[in-house]
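Secondary and tertiary structure notes
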Amino acid sequence: MDPRISKVYDYLKLNYQRKILLQDLADLVELSAFHFQRLFKQEVGLSPNECLNRIRLERAQHLMVLNPDVSLSDIALDCGFSSLSTFSRAFSNLYAHSPTQFRQQYLDNPANFSLPQQHSLQVDIVSISPINIYYSYTSVFDKQLMTHFAKARSFCEAEGILHPSGKRYGAFTHVPFHDHQNELNYYAGVQILDDPQLLKWEHTFVIPAGRYARFEIQSSYHHMLDEMIRFKKEWLDHQPFAIRQVFGFEEIDPLSSSETYPTIKRSLFVPIQRTN
């Protein structure tokens, strides 16, 4: 992806709750509005406004599932929509069913969320410092996903920027509840040296510092929603914490006995904050 468009895309993901104008985005990368919009559509396949709406709707889906007691109006406003009607119309246009129907489908029928209970969920609360990552942009459903981690590592070794830990991290750019499985939604990367100059390179980003809930998983990515529901019901609902932002990343177990997609052992990190 063009680094200018990548910069804007990252900006949209971090600022989706705000009112964002086309000219603001064009100014961010020092392009005219006309040339910026054309380049963005070429690189992303969506207009800037369509992309912003997609990001907002994906966040709303996540919040509707993880916060079933929060009203749709509050979720709409929290995700940057001006009103419930605007949110409902955009949601229905993209997913062919209303937000209420989505909630009924995923929340009103407990059978949709039956999870294995043979092992209790073990959650740790950890505080992490910023982690610099070099990544390969891919799909979490790519059957060759592990080769993207290897590709990122090989590049960093050749450039001499690989962190001594050599840790592998995967970050979700969005949670693919409704998207086609071949859509890009995952950064498969490795930790790099703590050098601010490296963050100017294309395909680098920073996992933000803060407090996270960490738990181990070894299930298919197809069941990621189940894992998050289980995390909420078995742990989050009983703690003085709430999810801080719709973002998550995972650390791939370096000692895993299997490199077989998608059941490799990994630790999932969810950003949290205290509620009292």
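Overview of the structure.

Topic: the overall build of the chain
Looking only at helices and strands, the chain features nine helices and nine strands. The buried share of the chain, reckoned over its 276 residues, is 49%. Of the contacts formed within the chain by residues at least 6 apart in sequence, a portion of 73% connects residues at least 24 apart. Within the structure as shown, the chain displays about 14,000 Å² of accessible surface, and the carbon and sulfur contribution to it stands at 49%.

Focus on the pattern of salt bridges
Counted according to the given criterion, the structure contains five salt bridges. For arginine 153, the salt bridge goes to glutamate 157, with nearest N and O atoms at 3.1 Å. Of this pair, arginine 153 and glutamate 157 are both found in helix H8 (residues 145-159), four residues apart, which corresponds to roughly one turn of the helix. The exposure class assigned to arginine 153 is partly exposed, which follows from its relative accessible area of 32%. On the basis of relative accessibility, which here comes to 45%, the residue glutamate 157 falls in the partly exposed class.

Thoughts on the pairing of strand S6 (residues 210-217)
Pairing of strand S1 (residues 124-128) with S6 involves five bridges; the strand directions are antiparallel. Across the sheet, the residue bridging to serine 127 is arginine 211, located in S6.

Looking at helix H4 (residues 48-66)
The terminal C-alpha atoms of H4 lie 27 Å apart, and with 19 residues this matches the ideal 27 Å at 1.5 Å per residue to within 8%. Burial of H4 is extensive: 16 of the 19 residues sit out of reach of the surface.

As for the side chain of lysine 13
Topologically, lysine 13 is positioned in helix H1 (residues 3-15). With a relative accessible area of 13%, lysine 13 lands in the buried category. Non-local contacts of lysine 13, meaning those with residues more than four positions away in its chain, are made with Ile55, Arg59, Thr173 and Tyr187.

Section: the packing of aromatic side chains
How two aromatic rings sit relative to each other is set out by the distance from centre to centre and by the angle between their planes. For the structure on display, the rule yields 20 aromatic pairs. Look at phenylalanine 81 and phenylalanine 87: their rings are 5.3 Å apart centre to centre, the planes differ by 50°, and that puts the pair in the tilted class. Per residue, the accessibility class of phenylalanine 81 equals that of phenylalanine 87, and both read buried. Arranged with centres 4.6 Å apart and planes meeting at 15°, the rings of tyrosine 134 and phenylalanine 155 form a pair that is stacked. Taken together, the positions of tyrosine 134 in strand S2 (residues 131-138) and phenylalanine 155 in helix H8 put the pair 21 residues apart, joining distant regions of the chain. On the accessibility criterion, tyrosine 134 (10% relative accessible area) is buried. Residue phenylalanine 155 is classed as partly exposed on the basis of its relative accessible area, which comes to 30%. Positioned above the aromatic ring of phenylalanine 81, the side-chain terminus of arginine 56 is 5.9 Å from the ring centre.

A look at unusual backbone geometry
Leaving glycine out, the prevailing phi sign among residues is negative, and the prevailing peptide bond configuration is trans. A positive phi angle, near 65°, is found at alanine 96, a position not held by glycine. Assignment of secondary structure puts alanine 96 in the loop between helix H6 (84-95) and helix H7 (99-108). With relative accessibility at 72%, the residue alanine 96 sits in the exposed group. The phi dihedral of histidine 203 falls on the positive side, at around 70°, and the residue is not glycine. Mapped onto the elements of the fold, histidine 203 is located in the loop between strand S4 (186-191) and strand S5 (204-207). Its relative accessible area of 24% is what places histidine 203 among the partly exposed residues.

Concerning the packing of H4 against H6
In the contact formed by H4 and H6, the axes pass within 11 Å of each other and the chain directions differ by 100°. Comparing their axes, H6 and H4 come out roughly perpendicular. Across from Arg54, Leu57, Glu58, Ala60, Gln61 and Met64 in H4, the residues of H6 making contact are Phe87, Ala90, Phe91, Leu94 and Tyr95. Across the contact of H4 with H6, the residue classes break down as eight nonpolar, one polar and two charged.

A closer look at the nonpolar core
Among the nonpolar cores identified, the biggest contains 47 residues, and Leu12, Phe36, Phe87, Ile207 and Phe249 are the most heavily contacted of them. Among the elements that make up this core, the one with the highest residue count is H4 (eight residues). Residues contacting isoleucine 207, with those up to four places away along its chain left out, are Ile128, Ser129, Pro130, Ile131, Ile133, Tyr169, Tyr212, Phe247 and Phe249. One finds Val140, Phe141, Ala213 and Phe215 within the second-largest nonpolar core, a separate group that totals 24 residues.

Thresholds, definitions, all that
- Residues numbered from 1 in each chain as written.
- Predicted model: local features only at pLDDT ≥ 70, side-chain atom pairs only at ≥ 80, totals over all residues.
- Heavy atoms only, no water.
- Helix = DSSP H or I, 4+ residues; strand = E, 2+ residues; numbered from the N terminus.
- Buried < 20%, exposed > 50% of the residue type's maximum accessible area, 1.4 Å probe, protein only.
- Contact = heavy atoms within 4.5 Å.
- Areas by Shrake-Rupley, 256 points an atom, 1.4 Å probe, with all protein chains shown as cover.
- Salt bridge = Lys/Arg side-chain N within 4 Å of Asp/Glu carboxyl O.
- Pairing = 2+ DSSP bridges.
- Expected span 1.5 Å × (residues − 1).
- Phe/Tyr/Trp six-rings, centres within 6.5 Å; stacked < 30°, edge-to-face > 60°.
- Lys NZ or Arg CZ within 6 Å of the ring centre and 35° of its normal.
- Axes fitted to C-alpha atoms, helices over the stretch in contact; angles between N-to-C directions.
- Parallel < 35°, antiparallel > 145°, perpendicular 65-115°, else oblique.
- Nonpolar A, V, L, I, M, F, W, Y, C, P; charged D, E, K, R; others polar.
- Core = buried A, V, L, I, M, F, W, Y, C linked by side-chain atoms within 4.5 Å.

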